[in-house]
Amino acid sequence: MPKPELQRDLGEQPLTKAMAERKLSPNALVANSSAQLTHKMIARAMKGRRLTKNTAAKVLAAWNKATDSTAELTDLFNYRP
């Protein structure tokens, strides 16, 4: 039995609103990332494109460093990568 296809476009994510509230740009996350994180990855995350676990973890780590917080994936995304 084939697996049902995952929905790839999940709509605007909480990350987008949180970045707007703190007046952060994607560049701020890229600059605060210790891993290889690109502007394209941030754009995909904000638009709600399904991310891999690894990419979501990079975005989360950059967010926590940029905002000096301890957010979890559920704070930034409304789906589980």
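Data block above holds the structure.
This structure is a prediction, so every number in the text was calculated from the model and none was measured.

Brief notes about the environment of Ser69
And step 1. As for its placement among the helices and strands, Ser69 is situated in the loop between α4 (53-67) and α5 (73-76).
And step 2. With 62 residues separating them along the chain, Ser69 and Gln7 place their C-alpha atoms 30 Å apart.
And step 3. Ignoring any residue separated from it by four or fewer positions in sequence, one finds Ser69 in contact with Trp63 and Asn64.
And step 4. Polar contacts involving the side chain of Ser69 include one to the side chain of Thr67, which spans 2.7 Å.

Digging into the environment of Lys65
And step 1. Tracing the chain through its elements places Lys65 in helix α4.
And step 2. With relative accessibility at 54%, the residue Lys65 sits in the exposed group.
And step 3. Distance in space between the C-alpha atoms of Lys65 and Lys23 is 15 Å, their sequence separation being 42 residues.

Points about the side chain of Asn64
And step 1. By the element assignment, Asn64 lies in helix α4.
And step 2. The exposure class assigned to Asn64 is buried, which follows from its relative accessible area of 17%.

Cut-offs and rules
- Residues numbered from 1 in each chain as written.
- Predicted model: local features only at pLDDT ≥ 70, side-chain atom pairs only at ≥ 80, totals over all residues.
- Heavy atoms only, no water.
- Helix = DSSP H or I, 4+ residues; strand = E, 2+ residues; numbered from the N terminus.
- Contact = heavy atoms within 4.5 Å.
- Polar contact = N/O pair within 3.5 Å; in protein donor to acceptor, adjacent residues only side chain to side chain.
- Buried < 20%, exposed > 50% of the residue type's maximum accessible area, 1.4 Å probe, protein only.

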